[in-house]
Amino acid sequence: MAPRQVHLGGPMTTMSGKVCLVTGGTSGIGRETAARLAELGATVVVVGRDAERGRAAVKEIRRRAPSAEVDLLTADMSSLAEVRRLAAEVLEKYHRLDVLDNNAGVIMLKRQFTVDGYETMFAVNHLAPFLLTSLLRERLVGSAPARVITVSSNAHSSAKQIPWDELARGEPSYPLSKLANILFTVELAKRLTGTGVVANCLHPGLIRTQLGREVRGVAKLLVAAAKPFMGTVQTGAATPVYLASAPEAAEVTGGYFFRGKQIEPSSLARDPEAAARLWALSEELVA
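Residues numbered from 1 in each chain as written. Predicted model: local features only at pLDDT ≥ 70, side-chain atom pairs only at ≥ 80, totals over all residues. Heavy atoms only, no water.

Enquirer: It is not clear to me how the packing of helix α4 (residues 120–142) against helix α5 (residues 174–191) should be interpreted in this structure. Could you clarify?
Expert: For any two helices packed against each other, one specifies the crossing angle of their axes together with the interaxial distance. Running from N to C, α4 and α5 point in directions that differ by 15 degrees, and their axes come no closer than 8 Å. On the basis of their axis angle, the class for α4 and α5 is roughly parallel. For the pair α4 and α5, the sense of crossing is right-handed. Taking contact as the criterion, the partners of Met121, Phe122, Asn125, His126, Pro129, Phe130, Thr133 and Arg137 in α4 are, on α5, Tyr174, Ser177, Lys178, Ala180, Asn181, Phe184, Leu188 and Arg191. Partitioned by chemical class, the residues of the contact of α4 with α5 number 8 nonpolar, 5 polar and 3 charged. (Axes fitted to C-alpha atoms, helices over the stretch in contact; angles between N-to-C directions. Helix = DSSP H or I, 4+ residues; strand = E, 2+ residues; numbered from the N terminus. Parallel < 35°, antiparallel > 145°, perpendicular 65-115°, else oblique. Left-handed = near helix turned anticlockwise from the far one by under 90°. Contact = heavy atoms within 4.5 Å. Nonpolar A, V, L, I, M, F, W, Y, C, P; charged D, E, K, R; others polar.)

Listed below in structure tokens is the structure:
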């Protein structure tokens, strides 16, 4: 597959009349993505776990885009019940949904479990966007042309095999959760064929954000030492904004993007059987 060049610095089509939902939109790449979509004229729904931080984000976005409609919804993405409540609120408040940006994510080194009994990183990074997208699918289809964007990572290439029997309750693995993002996107794109909804994912680059704030000890020191060499949130938000707004991005589905190009992820991330198996397993886990 030849890389597809995208012009991240070029003009974007207006997003006036479009409704964009950004999870993890209260800080980092999500916040910058939400702000730039608002500047393009979109109605932006910011989703965050903390209401106070969410209000601060909305205030900043409105400062940058005074005429934009910006809303805040709160949800703890580690809880499947909270994800369902969030979806119900979106369906009640918005009669259309043009862009769903699955941006929320966490990095954890120690194994912790959610209220549903799943390893937290796998639950937040994969099960939450899987369930939210599934619950909002018909609204997206009804709003077509529409787009689903999922933030993955090049860390996925470190995952060489999938421990299917322990995937949801085993040792925490950020690479596996990011691999799941790509496999989810591949299968979602297949299932959305003919609906007018495209699904793509991306690696935003190594960016200075609050992701990883949960880590402690030596890992925290390593993250701090690496920050001077990391990119800005503006750089990290460029690709999700492109995928949400550029006309040519509506012609691509099932793609993985990085730095202005559609590139190939790892061979495991391109395995259609793994994508179908993960989908079936995810359906069981969120049922």
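Enquirer: Just to check I follow, could you spell out the environment of Ala249 for this structure?
Expert: Positionally, Ala249 belongs in the loop between α7 (233–245) and β8 (256–258). With sequence-adjacent residues up to four places away left out, Ala249 is seen in contact with Arg147, Val198, Asn200, Tyr242 and Leu243.

Enquirer: Any chance you could explain the pairing of strand β5 (residues 99–102) here in plain terms?
Expert: Looking along a regular strand, one sees side chains alternate from face to face of the sheet. What you see with β5 is no split at all: Val99 and Asp101 on one side and Leu100 and Asn102 on the other are buried throughout. Here strand β2 (residues 19–23) pairs with β5 via 3 bridges, running parallel. Along β5, the bridge assignment pairs Leu21 with Leu100. Both β5 and strand β6 (residues 146–151) contribute to a ladder of 4 bridges, which runs parallel. Bridge assignment links Asp101 to a residue of β6, and that residue is Ile149. In the classification by handedness, the crossover that spans β5, the intervening α4 and the parallel β6 is right-handed. (Buried < 20%, exposed > 50% of the residue type's maximum accessible area, 1.4 Å probe, protein only. Pairing = 2+ DSSP bridges. Right-handed = clockwise from strand over helix to strand, strands pointing away.)

Enquirer: Looking at this structure, how should I read the pattern of salt bridges?
Expert: Two side chains with opposite charge may pair up if their charged atoms get near one another. Under the definition given, this model contains 12 salt bridges. Between Arg85 and Glu82 there is a salt bridge, with its nearest N and O atoms 3.0 Å apart. Of this pair, Arg85 and Glu82 both sit in helix α3 (residues 80–93), 3 residues apart, which is roughly one turn of the helix. Classification of Glu82 by relative accessible area gives partly exposed; the value is 25%. Between Arg85 and Glu89 there is a salt bridge whose closest N-O contact spans 2.3 Å. Linking Arg85 with Glu89, this pair stays in helix α3, spanning 4 residues, or about one helical turn. The partly exposed category is assigned to Arg85, whose relative accessible area is 29%. Residue classification places Glu89 among the partly exposed residues on the basis of a relative accessible area of 24%. If you follow the salt bridges from partner to partner, you end up with Lys18, Arg96 and Asp98 in one network. (Salt bridge = Lys/Arg side-chain N within 4 Å of Asp/Glu carboxyl O.)

Enquirer: Could you clarify how one ought to interpret unusual backbone geometry in this entry?
Expert: What is expected of a backbone is that most residues other than glycine have negative phi and most peptide bonds are trans. Residue Pro145 is bonded to the preceding Ala144 through a cis peptide linkage, with omega at 5 degrees. Inspection of the secondary structure puts Pro145 in the loop between α4 and β6.

Enquirer: Help me understand helix α8 (residues 272–286) in this model?
Expert: What sets the pattern is the α-helix's 3.6 residues per turn: residues three or four places apart point alike. Spanning 15 residues, α8 covers 21 Å between terminal C-alpha atoms, matching the ideal 21 Å at 1.5 Å per step. For α8, the N-terminal cap is Asp271; the gap from its side-chain oxygen to the backbone nitrogen of Glu273 is 2.9 Å. (Expected span 1.5 Å × (residues − 1). Polar contact = N/O pair within 3.5 Å; in protein donor to acceptor, adjacent residues only side chain to side chain.)

Enquirer: Teacher, can you tell me more about the packing of aromatic side chains here?
Expert: Within a pair of aromatic rings, the relevant descriptors are the distance that separates the centres and the angle that separates the planes. Taken as a whole and judged by the stated rule, the model has 3 aromatic pairs. Considering the side-chain rings of Phe130 and Phe184, the 5.9 Å spacing of their centres and the 65 degrees angle between planes classify their relative orientation as edge-to-face. Here Phe184 lies in helix α5 and Phe130 lies in helix α4, a separation of 54 residues in the sequence. Side by side, Phe130 and Phe184 carry an identical accessibility label, which is buried. (Phe/Tyr/Trp six-rings, centres within 6.5 Å; stacked < 30°, edge-to-face > 60°.)

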